[in-house]
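The lines below spell out each chain.
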Amino acid sequence: MTTLQQLLPGSGVAAQESPLRRSTRALRPARTPAGAVVAFTLTVVLAGTAAEVVSALLGSPLGWLPVDHALELAGRHTWSELPFAALWVAGAGLTMVGLAVVPGRCRLVPVETSDPLIVIGITRAGLRRTLRAVAEEVEGVDRARVRLRRRTIEVAVVTGAESTGAMLRQVGNAVGDRLAGVGTLAAGEVVVRLRRKGR
(Lines give C-alpha, C1' and ligand atoms only; values in the text may rest on other atoms or scores of the structure.)
Protein backbone atom coordinates (compact mmCIF):
# COMPACT_ATOMS: atom_id res chain seq x y z
CA MET A 1 0.00 0.00 0.00
CA THR A 2 1.40 3.37 -0.99
CA THR A 3 1.47 6.46 1.20
CA LEU A 4 -1.33 8.00 -0.87
CA GLN A 5 -3.51 4.93 -0.34
CA GLN A 6 -2.89 5.11 3.39
CA LEU A 7 -4.01 8.74 3.46
CA LEU A 8 -7.19 8.23 1.44
CA PRO A 9 -10.35 7.55 3.46
CA GLY A 10 -11.78 4.08 3.03
CA SER A 11 -8.56 2.61 1.65
CA GLY A 12 -8.30 0.23 4.61
CA VAL A 13 -11.71 -1.23 3.81
CA ALA A 14 -10.77 -1.72 0.16
CA ALA A 15 -7.48 -3.39 1.13
CA GLN A 16 -9.28 -5.94 3.35
CA GLU A 17 -11.87 -6.77 0.70
CA SER A 18 -11.80 -10.37 -0.53
CA PRO A 19 -10.24 -10.98 -3.97
CA LEU A 20 -13.48 -12.56 -5.24
CA ARG A 21 -15.63 -9.60 -4.22
CA ARG A 22 -13.16 -7.06 -5.62
CA SER A 23 -12.83 -8.93 -8.92
CA THR A 24 -16.56 -9.44 -9.33
CA ARG A 25 -17.23 -5.75 -8.72
CA ALA A 26 -14.51 -4.67 -11.15
CA LEU A 27 -15.61 -7.07 -13.91
CA ARG A 28 -19.29 -6.09 -13.77
CA PRO A 29 -20.15 -4.23 -16.95
CA ALA A 30 -21.65 -0.78 -16.68
CA ARG A 31 -24.93 -0.11 -18.44
CA THR A 32 -23.34 2.54 -20.63
CA PRO A 33 -25.88 2.64 -23.53
CA ALA A 34 -28.90 2.77 -21.21
CA GLY A 35 -27.15 5.31 -18.99
CA ALA A 36 -26.29 7.52 -21.98
CA VAL A 37 -29.87 7.42 -23.29
CA VAL A 38 -31.33 8.24 -19.88
CA ALA A 39 -28.79 11.02 -19.23
CA PHE A 40 -29.36 12.60 -22.66
CA THR A 41 -33.15 12.41 -22.36
CA LEU A 42 -33.19 13.85 -18.86
CA THR A 43 -30.76 16.61 -19.87
CA VAL A 44 -32.89 17.67 -22.85
CA VAL A 45 -36.19 17.53 -20.95
CA LEU A 46 -34.93 19.29 -17.83
CA ALA A 47 -33.02 21.94 -19.80
CA GLY A 48 -36.12 22.66 -21.88
CA THR A 49 -38.27 22.84 -18.75
CA ALA A 50 -35.82 25.17 -17.01
CA ALA A 51 -35.63 27.44 -20.07
CA GLU A 52 -39.44 27.51 -20.30
CA VAL A 53 -39.86 28.35 -16.60
CA VAL A 54 -37.18 31.09 -16.65
CA SER A 55 -38.63 32.66 -19.81
CA ALA A 56 -42.15 32.54 -18.32
CA LEU A 57 -40.90 34.23 -15.16
CA LEU A 58 -39.31 36.99 -17.28
CA GLY A 59 -42.65 37.58 -19.00
CA SER A 60 -41.99 36.15 -22.46
CA PRO A 61 -42.57 32.36 -22.54
CA LEU A 62 -40.73 30.47 -25.27
CA GLY A 63 -43.63 28.20 -26.11
CA TRP A 64 -41.47 25.07 -26.48
CA LEU A 65 -43.56 23.15 -23.97
CA PRO A 66 -47.36 23.36 -23.85
CA VAL A 67 -47.39 24.25 -20.15
CA ASP A 68 -50.93 25.73 -20.17
CA HIS A 69 -52.35 22.71 -21.98
CA ALA A 70 -50.53 20.31 -19.60
CA LEU A 71 -51.87 22.15 -16.53
CA GLU A 72 -55.39 22.16 -17.94
CA LEU A 73 -55.18 18.46 -18.77
CA ALA A 74 -53.81 17.64 -15.31
CA GLY A 75 -56.65 19.58 -13.65
CA ARG A 76 -59.33 17.67 -15.56
CA HIS A 77 -58.08 14.13 -14.84
CA THR A 78 -57.32 12.07 -11.74
CA TRP A 79 -54.62 9.41 -11.33
CA SER A 80 -57.15 6.62 -11.87
CA GLU A 81 -58.13 8.11 -15.27
CA LEU A 82 -54.63 8.13 -16.74
CA PRO A 83 -54.59 6.48 -20.15
CA PHE A 84 -52.72 3.25 -20.69
CA ALA A 85 -50.16 4.91 -22.99
CA ALA A 86 -49.10 7.37 -20.28
CA LEU A 87 -48.66 4.55 -17.77
CA TRP A 88 -46.66 2.57 -20.32
CA VAL A 89 -44.34 5.52 -21.01
CA ALA A 90 -43.85 6.10 -17.27
CA GLY A 91 -43.07 2.40 -16.75
CA ALA A 92 -40.61 2.41 -19.65
CA GLY A 93 -38.90 5.49 -18.21
CA LEU A 94 -38.57 3.91 -14.77
CA THR A 95 -37.21 0.74 -16.37
CA MET A 96 -34.59 2.72 -18.30
CA VAL A 97 -33.54 4.57 -15.14
CA GLY A 98 -33.26 1.23 -13.31
CA LEU A 99 -31.17 -0.25 -16.12
CA ALA A 100 -28.90 2.78 -16.10
CA VAL A 101 -28.36 2.69 -12.33
CA VAL A 102 -27.95 -1.06 -11.70
CA PRO A 103 -24.73 -2.58 -13.11
CA GLY A 104 -24.99 -5.49 -15.51
CA ARG A 105 -24.45 -9.16 -14.82
CA CYS A 106 -20.81 -10.23 -14.78
CA ARG A 107 -20.07 -12.29 -17.91
CA LEU A 108 -16.53 -13.19 -16.83
CA VAL A 109 -15.23 -15.63 -14.22
CA PRO A 110 -12.63 -13.92 -12.00
CA VAL A 111 -9.11 -15.36 -12.08
CA GLU A 112 -6.74 -15.16 -9.11
CA THR A 113 -3.68 -12.96 -9.50
CA SER A 114 -0.68 -12.32 -7.28
CA ASP A 115 -1.09 -8.54 -7.54
CA PRO A 116 -4.20 -7.25 -5.71
CA LEU A 117 -4.39 -4.26 -8.07
CA ILE A 118 -4.78 -6.45 -11.19
CA VAL A 119 -8.14 -8.01 -12.03
CA ILE A 120 -8.37 -10.69 -14.72
CA GLY A 121 -11.35 -12.66 -15.94
CA ILE A 122 -12.00 -15.53 -18.32
CA THR A 123 -15.16 -15.82 -20.37
CA ARG A 124 -17.68 -18.41 -19.24
CA ALA A 125 -17.68 -19.98 -22.71
CA GLY A 126 -13.87 -20.19 -22.69
CA LEU A 127 -13.86 -21.84 -19.26
CA ARG A 128 -16.52 -24.33 -20.40
CA ARG A 129 -14.48 -25.21 -23.51
CA THR A 130 -11.31 -25.67 -21.44
CA LEU A 131 -13.01 -27.92 -18.88
CA ARG A 132 -14.81 -29.90 -21.58
CA ALA A 133 -11.50 -30.54 -23.39
CA VAL A 134 -9.89 -31.73 -20.13
CA ALA A 135 -12.82 -34.05 -19.36
CA GLU A 136 -12.74 -35.52 -22.86
CA GLU A 137 -9.02 -36.34 -22.48
CA VAL A 138 -9.82 -38.87 -19.74
CA GLU A 139 -9.74 -42.42 -21.06
CA GLY A 140 -13.21 -43.82 -21.63
CA VAL A 141 -14.97 -40.48 -22.09
CA ASP A 142 -16.53 -40.06 -25.52
CA ARG A 143 -18.09 -36.63 -25.04
CA ALA A 144 -18.52 -34.16 -22.20
CA ARG A 145 -20.76 -31.20 -21.50
CA VAL A 146 -19.98 -28.55 -18.88
CA ARG A 147 -22.46 -26.26 -17.16
CA LEU A 148 -21.37 -23.45 -14.87
CA ARG A 149 -23.89 -23.03 -12.06
CA ARG A 150 -23.79 -20.50 -9.26
CA ARG A 151 -22.14 -22.81 -6.71
CA THR A 152 -21.27 -25.90 -8.73
CA ILE A 153 -19.66 -26.92 -12.00
CA GLU A 154 -21.61 -29.77 -13.55
CA VAL A 155 -19.74 -32.06 -15.93
CA ALA A 156 -21.89 -34.59 -17.80
CA VAL A 157 -19.80 -37.27 -19.52
CA VAL A 158 -21.06 -39.65 -22.20
CA THR A 159 -19.34 -43.00 -22.11
CA GLY A 160 -19.75 -46.66 -23.00
CA ALA A 161 -21.34 -49.33 -20.84
CA GLU A 162 -17.94 -50.50 -19.46
CA SER A 163 -17.30 -47.27 -17.52
CA THR A 164 -16.62 -47.35 -13.80
CA GLY A 165 -16.73 -44.99 -10.83
CA ALA A 166 -12.93 -44.67 -11.02
CA MET A 167 -13.30 -42.97 -14.40
CA LEU A 168 -15.72 -40.43 -12.91
CA ARG A 169 -13.22 -39.68 -10.16
CA GLN A 170 -10.53 -39.18 -12.80
CA VAL A 171 -12.78 -36.71 -14.63
CA GLY A 172 -13.45 -34.85 -11.37
CA ASN A 173 -9.74 -34.74 -10.52
CA ALA A 174 -8.78 -33.58 -14.03
CA VAL A 175 -11.38 -30.80 -14.00
CA GLY A 176 -10.38 -29.77 -10.47
CA ASP A 177 -6.69 -29.68 -11.43
CA ARG A 178 -7.44 -27.50 -14.47
CA LEU A 179 -9.53 -25.12 -12.32
CA ALA A 180 -6.63 -24.85 -9.87
CA GLY A 181 -4.20 -24.29 -12.75
CA VAL A 182 -6.34 -21.52 -14.25
CA GLY A 183 -6.83 -20.03 -10.78
CA THR A 184 -10.54 -19.26 -11.04
CA LEU A 185 -12.08 -17.70 -7.96
CA ALA A 186 -15.39 -19.11 -6.64
CA ALA A 187 -15.23 -22.07 -8.98
CA GLY A 188 -17.55 -24.10 -6.75
CA GLU A 189 -17.85 -27.82 -6.31
CA VAL A 190 -17.27 -30.07 -9.31
CA VAL A 191 -20.14 -32.52 -9.89
CA VAL A 192 -19.61 -35.28 -12.48
CA ARG A 193 -22.64 -37.03 -13.94
CA LEU A 194 -22.60 -40.13 -16.11
CA ARG A 195 -24.64 -40.66 -19.25
CA ARG A 196 -24.53 -43.90 -21.20
CA LYS A 197 -24.34 -43.92 -24.98
CA GLY A 198 -27.70 -43.99 -26.69
CA ARG A 199 -29.58 -42.22 -23.85
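The rules behind each value
- Residues numbered from 1 in each chain as written.
- Predicted model: local features only at pLDDT ≥ 70, side-chain atom pairs only at ≥ 80, totals over all residues.
- Heavy atoms only, no water.
- Helix = DSSP H or I, 4+ residues; strand = E, 2+ residues; numbered from the N terminus.
- Buried < 20%, exposed > 50% of the residue type's maximum accessible area, 1.4 Å probe, protein only.
- Contact = heavy atoms within 4.5 Å.
- pLDDT = per-residue confidence, 0-100.
- Pairing = 2+ DSSP bridges.
- Axes fitted to C-alpha atoms, helices over the stretch in contact; angles between N-to-C directions.
- Expected span 1.5 Å × (residues − 1).
- Core = buried A, V, L, I, M, F, W, Y, C linked by side-chain atoms within 4.5 Å.
- Arc of directions from axis to C-beta.
- Parallel < 35°, antiparallel > 145°, perpendicular 65-115°, else oblique.
- Left-handed = near helix turned anticlockwise from the far one by under 90°.
- Nonpolar A, V, L, I, M, F, W, Y, C, P; charged D, E, K, R; others polar.

### Here we look at the environment of Ala 174
One can find Ala 174 in helix H8 (residues 165-182). When its relative accessible area of 18% is taken as the criterion, Ala 174 is described as buried. In sequence terms Ala 174 and Val 138 are 36 residues apart; their C-alpha atoms lie 7.9 Å from each other. Apart from residues no more than four positions distant in its own chain, Ala 174 is found in contact with Val 134 and Val 138.

### Observations concerning the side chain of Ser 55
Summarising the element assignment, Ser 55 is placed in helix H4 (residues 32-57). The exposure class of Ser 55 is buried, given its relative accessible area of 9%. Among residues more than four places away in sequence, those in contact with Ser 55 are Ser 60, Pro 61 and Leu 62.

### Quick notes on the confidence of the model for the protein chain
Across the protein chain, the average pLDDT comes to 75, with 79% of residues at 70 or higher. Within the protein chain, the lowest mean pLDDT, 42, falls on helix H1 (residues 3-7), and the highest, 87, falls on helix H7 (residues 124-137). Every residue in residues 1-8 is under pLDDT 50, and counting partners more than four places away or in other chains gives six contacts. Within the model, pLDDT remains below 50 along residues 10-15, and this stretch shows four contacts once partners closer than five positions in the same chain are excluded.

### Brief notes about the sheet that holds strand E5 (residues 189-196)
The strand order across the open sheet built from three strands is E3-E4-E5, with neighbouring strands paired in mixed fashion. With one partner strand each, in any of the chains shown, strand E3 (141-148) and E5 form the two edges of the open sheet. On average, adjacent strands in this sheet sit at an angle of 20° to one another, irrespective of strand direction. Pairing of strand E4 (residues 152-159) with E5, which is carried by eight bridges, proceeds in the parallel orientation. Bridge pairing links Val 158 to Arg 195 in E5. Packing against the sheet, H7 makes contact with E3 and E4, and its axis sits at approximately 150° to E3.

### Focus on H4
Residue pairs spaced three or four apart in an α-helix point in one direction, given the helix's 3.6 residues per turn. For H4, with 26 residues, the first-to-last C-alpha span of 37 Å sits near the 38 Å given by 1.5 Å per residue. All buried positions along H4 are accounted for by Ala 34, Val 38, Gly 48, Glu 52 and Ser 55. Note on H4: the residue one or two positions beyond its end, Gly 59, has a positive phi of about 100°.

### Examining the nonpolar core
The biggest cluster of nonpolar side chains holds 18 residues, and the ones touching the most others in it are Leu 131, Val 141, Ile 153, Val 155, Val 171 and Val 175. Every element with two or more residues in this core is listed here: H7, E3, E4 and H8. By residue number, the principal contributor to this core is H8, which donates five residues.

### Examining H8
For H8, which comprises 18 residues, the first-to-last C-alpha distance of 26 Å matches the rise-based estimate of 26 Å (1.5 Å per residue) to within 8%. Of all the residues in H8, the buried ones are Met 167, Val 171, Gly 172, Ala 174, Val 175 and Leu 179. Buried residues along H8 cover an arc of 160° about the axis, so they all sit on one side. With respect to the buried face of H8, the exposed residues turned more than 90 degrees away are Arg 169, Asn 173, Asp 177, Ala 180 and Gly 181. Against the buried residues of H8 lie H7, E3, E4 and E5. Remark: Gly 183 follows H8 within two positions and exhibits a positive phi of approximately 85°.

### Focus: the packing of H7 against H8
Packing of H7 against H8 brings their axes to within 9 Å, and their N-to-C directions diverge by 140°. With respect to their mutual orientation, H7 and H8 come out oblique. Viewed along their axes, H7 and H8 form a crossing whose handedness is right-handed. Across from Leu 127, Thr 130, Leu 131, Val 134 and Ala 135 in H7, the residues of H8 making contact are Val 171, Ala 174, Val 175, Arg 178 and Leu 179. The class makeup of the residues in the contact of H7 with H8 is eight nonpolar, one polar and one charged.

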